[in-house]
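Here are the chains, one letter per residue:
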Amino acid sequence: MADEKNKFNQIYNTLVNPDEDPALNIREKETLHPEDNASEEKSDTVKPSTQEKAVSGTSLNYYDNRQQSYQDLLELIDDAEKELADLKFRKLLMESDFSALLEYFNQIFVTKEEQASAIAKGALLEYFTFELIKPLEGHGLQLSTNDFSTWESKYFNLSYRLMDKNEIGFSFMMPTSDGKFRNEKIKLMEVYPESMTVKVFDEAILTLLKDCYTNHIYTSGQNSMFSREMNDVISHMKDLGFEFDDNLLDNSKPLDRTVTIPHKIPVDVLDQIFITTMNNEKYDFKKIGTENYLVALDSKQTVTINQDDASQTCSLTMNTDRKNKSLIEFFGSYPFLVPLTITD
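What counts, and where the lines are drawn
Residues numbered from 1 in each chain as written. Predicted model: local features only at pLDDT ≥ 70, side-chain atom pairs only at ≥ 80, totals over all residues. Heavy atoms only, no water. Patch = residues over 30% accessible without salt bridge, like charges linked within 9 Å, V, L, I, M, F, W, Y side chains within 5 Å. Areas by Shrake-Rupley, 256 points an atom, 1.4 Å probe, with all protein chains shown as cover. Salt bridge = Lys/Arg side-chain N within 4 Å of Asp/Glu carboxyl O. Helix = DSSP H or I, 4+ residues; strand = E, 2+ residues; numbered from the N terminus. Buried < 20%, exposed > 50% of the residue type's maximum accessible area, 1.4 Å probe, protein only. Pairing = 2+ DSSP bridges. Axes fitted to C-alpha atoms, helices over the stretch in contact; angles between N-to-C directions. Contact = heavy atoms within 4.5 Å. Polar contact = N/O pair within 3.5 Å; in protein donor to acceptor, adjacent residues only side chain to side chain.

Overview of a nonpolar patch on the surface
Link 1 in the chain: A cluster of nonpolar side chains, namely Tyr 70, Leu 73, Leu 74, Leu 76 and Ile 77, defines an oily patch on the protein surface of about 480 Å² accessible area.
Link 2 in the chain: Examined against the element boundaries, Leu 74 turns out to sit in helix H3 (residues 50–94).
Link 3 in the chain: The exposure class of Leu 74 is partly exposed, given its relative accessible area of 38%.

As structure tokens, this is what we get:
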């Protein structure tokens, strides 16, 4: 019996470390509860992870960006369509004759029933003004590369711009006798496409006479060339249907015009005219009133001088009888009369 006990102890010692506390190897039986496992599984299923939240935010940003890109694309298409329409309109302007350009001018600038870009409006003004002064094409007419909205010809330049009442104002410059240009442009005329009328400023013609014969800025040959070429333009514009008021530039009919000088004619000017006429048997100088004078020239042409003490002004009536002349051509033949027209 004792031998069997010893043998059992030997077998036990081979299975258990004698230095280890046997109590530590004793594990109490655990009781499992199925509902606890189900709760843990449910909790794990419902609770989203941090990674899942990030994916949802990225998806939202993508659709926002995509919608913004879509709107940007629509705007680009709209801009492209407008630009294409504008290009087609500018092409149409280039192909148009004067009648069509006149219609477009009234639709865009006058009635404003049509819209156009700034570039198209500038092109319309360019083509329209070219048609107005087209006779200058024979004198090297071209658009200036130095001045904005300016046409250059061989003998003078014409600048144009759209005015407040949709009229087109023209100003001109001529090279001076030394080949330079004067600093200020001279207002020449205003064109009213809506009413098809033109107003020529007589002051511009008087300025030309003064600059030629008094200030010696221009030569008489330049003035004559200007008068001749601008009368070609006037004739052309009349053919287009424009009407002109009586003016000092038009040489299509006899000159019979009265202009008011804002001061009385100085005595020394009258004396010099008197001396000149007395030295030419074809001329005469007559006093026809207290301060009224008649200068008789050849071919029944006359200049009547009426001084007004009350207003301290003078009215000049110029008559070329049956000869078609502008004032430039008329006084070009009688330069001694130019001092009568000096307004300053």
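What about the sheet that holds strand E10 (residues 292–296)?
Link 1 in the chain: Spatially, the five strands line up as an open sheet ordered E8-E12-E11-E10-E9, and their pairing is antiparallel. Both edges of this open sheet fall to strand E8 (254–261) and strand E9 (284–287), since each of them pairs with a single strand only. Averaged over all pairs of adjacent strands, the angle between their axes in this sheet comes to 15°, without regard to strand direction.
Link 2 in the chain: Where E9 meets E10, four bridges bridge the pair, whose relative direction is antiparallel. Looking across to E10, one finds that Lys 287 is bridged to Tyr 293.
Link 3 in the chain: Here helix H8 (residues 267–278) sits on the sheet in contact with E9, E10 and strand E11 (302–308), set at roughly 130° to E9.

Some details on the side chain of Glu 291
Link 1 in the chain: Assignment of secondary structure puts Glu 291 in the loop between E9 and E10.
Link 2 in the chain: Taking relative accessible area as the criterion, Glu 291 reaches 19% and is therefore assigned buried.
Link 3 in the chain: Of note is the side chain of Glu 291, whose polar atom sits 2.9 Å from the side chain of Lys 264.
Link 4 in the chain: Those residues in contact with Glu 291 that lie beyond four places of it in its chain are Lys 264, Ile 305, Asn 306, Gln 307 and Asp 309.

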